[in-house]
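Descriptive structure summary
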Number of protein chains: 2
Amino acid sequence: MEREHFSRQFDAELNDIREKLLEMGGKVELMIANALLALVERNTELAVQTIAFDHEINRLEMEIDEKCLEVLARRQPAARDLRFITLALKIVTDLERIGDQCANIAKRVKELNLEPALKPYIDLPRMAQAASTMVKEALDAFVRGDENLAIKVCQDDQVVDDLNEQIQRELLTFMMSDPSAITRAMRINYISKCLERIADHATNVAEMVIFMVKGKDIRHTIA
Amino acid sequence: MEREHFSRQFDAELNDIREKLLEMGGKVELMIANALLALVERNTELAVQTIAFDHEINRLEMEIDEKCLEVLARRQPAARDLRFITLALKIVTDLERIGDQCANIAKRVKELNLEPALKPYIDLPRMAQAASTMVKEALDAFVRGDENLAIKVCQDDQVVDDLNEQIQRELLTFMMSDPSAITRAMRINYISKCLERIADHATNVAEMVIFMVKGKDIRHTIA
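Residues take numbers from 1 onward in each chain, read along the sequence in its written order. Chain letters start at A and ligand numbers start at 1, both assigned in the order the entries are written. Selection of residues for local features in this predicted model requires a pLDDT of at least 70, selection of side-chain atom pairs for listing and counting requires 80 or more, and totals for whole chains, interfaces and linings are taken over all residues. Heavy atoms throughout the structure, all of them, feed into the side-chain values; hydrogens and water do not.

1. Let's talk about the overall build of chain A
Within chain A, the regular secondary structure consists of 6 helices and 0 strands. For chain A, the C-alpha atoms occupy an extent of roughly 75 × 35 × 20 Å along the three principal directions. By residue count, 55% of the 223 residues in chain A fall in the buried class. Across chain A, the fraction of contacts at a sequence separation of at least 24, relative to all contacts at a separation of at least 6, is 84%. Each accessible area value is a Shrake-Rupley result obtained with a 1.4 Å probe; residue values ignore everything except the protein chains displayed when judging cover. A total accessible area of about 9500 Å² is found for chain A, and carbon and sulfur atoms account for 52% of it. Here a helix means four or more residues in a row that DSSP labels H or I, a strand means two or more in a row labelled E, and each is numbered from the N terminus. The cut-offs for exposure are 20% and 50% of the maximum accessible area for each residue type, with area from a 1.4 Å probe on protein chains only; residues under the lower value are buried, those over the upper are exposed, and the others partly exposed. Note on contacts: a residue pair is in contact if any heavy atoms of the two residues lie within 4.5 Å.

Here it is as C-alpha cells:
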C-alpha cells in the first residue's frame, strides 16, 4: 500500500516533467511562428515581443531542471525512468537554445525592418514551418516514447537543410548582382541558418529519443 | 568499513567521469587547433583528418553518457554529487557540439583551399585561441568547482563576440568592393560564426558550473 502510494506519486512527478516539457515546447513553437510573422509582416513590435519572450523560455528551463534534480534525488529512479529524466535534462537545454535562435531571428528582423524589403519571403516561412513541426514531433516522440516518429524527425532534417542551401544560393546571386543588397542578404542568410540550427536541435532531441527507446545509442550512426 | 569501501569506489567513479570529460575537452581543443591550422596553412589533408576525428568525440560522448547513467542508477547520489553528474551529462553535449563546429570549420577550409586565398588570416586564429582557452577553462572550472574561473569564462565571451563582429564588418567591405570575393567571404564568415558558437558553448558550460557551485541558478541573469 505504502509502495503503491509511492509509485502513484512518482508517476505524477514524471507526468509533471512531461507536461512542463510540452508546455515549453509549445511556447518555443509560438516563438518560431512569431519571429517569422514579424519578418513576413515587417512587424517590429512583434519582433521586440519575441525577444522579450525568451525570458519565459529561460525560466521554464530552470524550473524543469530543478524538477528533474528533485525527482532524481528523492526517488532514485532506475532503468527506463532514469533514462527519461536524464534525457529530459538534455532536451530542456535544446529547447532553451531554440528559444535563443528565435530571439536571434527577431533581432535580425528588427534590423531588416529598417530598410526596404529585399524580396517577398517564400522559402523562409516554409523552412520555419518544417523546423517547428520537427520540434513538436521530437517532443511528442519523447513523451510517448515513439521511436518511429523520432526517426521521421531525423529524416525531415534533410528538407530543412535543402531549403537552407537553396536560400543561400539564391542570396548569393542577389549579392553578386547588387552589392547594395549585401547587408540585407547577410541578415536573411543569418535567419536561414538560425532555422537550420533549430531543426538540428530537434534532430538532436529525436536521436536521443531513439536512444531512450532502444536503450542503446544510435546517435552518430544514422546520419 | 563497508560504507567506507562504497564511498571510495564512488569517488573513483566520479573521478573517472571527471577524467574522461577532461580527455574529451583536450581532444576538442586539439580539433579547434587543427581546424584553424588547416585554414591558415591551407592544409586540406589536415582538414579531412579533423572531420574524421569528430567520430572520436562522438564516441567519447556516448561513453561518458553511459558512465553517468550507470553511476546514477547504482549509486543514487544526492545533493552535490547529483548536481555534478547531471551537469556532466549536459556538458558532454556541449563538448560534442563543439566537435561538430570544428568539423564544420574544416569542411569550409576544404572548400576555401580550392580557391586563391582572399587575405592572410590574423583575427580568426586569435578568435580560435580565445575560444579554445574558454573551453579549457570552463572544463577546469567544472572539475575543480571553481566559480571565479567560470565567471572569467563568461566575461571572456565578449572578446570572441567582438572579434566576430569585427571580422564580419571587414568581410562586408571585401564583398562590397569585389563581388568575386563573395563566396569566399561567406565561407570565412561561416568559420567566424562557428568559432563564436564554440565560445557560446564554453559560456553555457561556465554558467552551469556557477549554478553547480552556488547551488542556485544564475543562468539567464548575468548576461
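From this point, things continue past the structure.
2. Overview of the interface of chain A and chain B
Facing the 36 residues of chain A at the interface are 36 residues of chain B. For the pair chain A and chain B, the summed buried area comes to about 3600 Å², and 60% of that belongs to carbon and sulfur atoms. For this document, the term salt bridge refers to a Lys or Arg side-chain nitrogen within 4 Å of an Asp or Glu carboxyl oxygen. Inspection of the chain A/chain B interface yields 6 salt bridges. For Asp65 of chain A, the salt bridge identified is with Lys90 of chain B, shortest N-O distance 2.9 Å. Put simply, buried area is the surface a 1.4 Å probe can reach on two separate parts but cannot reach once they are joined, added for both.

3. Side note on the pattern of salt bridges
It is possible for side chains bearing opposite charge to pair when their charged atoms get close. Enumeration over the complete set of coordinates arrives at 44 salt bridges over all chains. Measuring nitrogen to oxygen at the nearest pair gives 3.1 Å for the salt bridge that ties Lys20 of chain A to Glu63 of chain A. Remark: Glu63 of chain A occurs in helix 2 (residues 44-75) and Lys20 of chain A occurs in helix 1 (residues 2-40); sequence separation between them is 43 residues. Measuring nitrogen to oxygen at the nearest pair gives 3.6 Å for the salt bridge that ties Glu66 of chain A to Arg83 of chain B.

4. Concerning the UniProt feature "domain: PhoU" (unreviewed entry) in chain A
All names here are of chain A. UniProt positions are given in the numbering used here, feature names are shortened, and annotations may be inferred rather than shown by experiment. Within the UniProt annotation, "domain: PhoU" (unreviewed entry) is assigned to residues 21-109 and 125-209. Its end C-alpha atoms 28 Å apart, residues 21-109 is made of 93% helix and 0% strand. Between the first and last C-alpha atoms of residues 125-209 the distance is 27 Å; the span itself is 93% helix and 0% strand.

5. A few points about helix 6 (residues 182-214) of chain B
Each residue after the first adds 1.5 Å to the expected span of a helix. Helix length check: helix 6 of chain B (33 residues) gives 47 Å between terminal C-alpha atoms against 48 Å at 1.5 Å per residue, within 8%. Within helix 6 of chain B, 28 of the 33 residues are buried, leaving the element largely enclosed by the surrounding structure.

6. Here's the deal with the packing of helix 2 of chain A against helix 3 (residues 79-112) of chain A
Residues and elements named next belong to chain A. Note on definitions: angles span 0 to 180 degrees between N-to-C directions of axes, and those axes are lines fitted to C-alpha atoms, for helices only across the stretch in contact. The contact between helix 2 and helix 3 brings their axes to 9 Å, and the two run at 165°. Considering the angle they form, helix 2 stands roughly antiparallel to helix 3. Seen along the crossing, helix 2 lies across helix 3 with a hand that is left-handed. Broken down by class, the residue content of the contact of helix 2 with helix 3 amounts to 18 nonpolar, 5 polar and 7 charged. Throughout, the term roughly parallel applies to angles under 35 degrees, roughly antiparallel to angles over 145, roughly perpendicular to angles from 65 to 115, and oblique to all others. By convention the crossing between two helices is left-handed if the near helix lies anticlockwise of the far one by an angle smaller than a right angle, and right-handed if it lies clockwise. Any residue that is not Ala, Val, Leu, Ile, Met, Phe, Trp, Tyr, Cys, Pro, Asp, Glu, Lys or Arg is counted as polar, Gly included; the first ten are nonpolar and the last four charged.

7. A short note on the packing of helix 6 (residues 182-214) of chain A against helix 6 of chain B
Where helix 6 of chain A contacts helix 6 of chain B, the two axes come as close as 13 Å, and the packing angle between them is 45°. Put simply, helix 6 of chain A runs oblique to helix 6 of chain B. As helix 6 of chain A runs across helix 6 of chain B, the sense of the crossing is right-handed. In contact with Ile182, Met186, Asn189, Tyr190, Lys193 and Arg197 of chain A of helix 6 of chain A, helix 6 of chain B contributes Ile182, Met186, Asn189, Tyr190, Lys193 and Arg197 of chain B.

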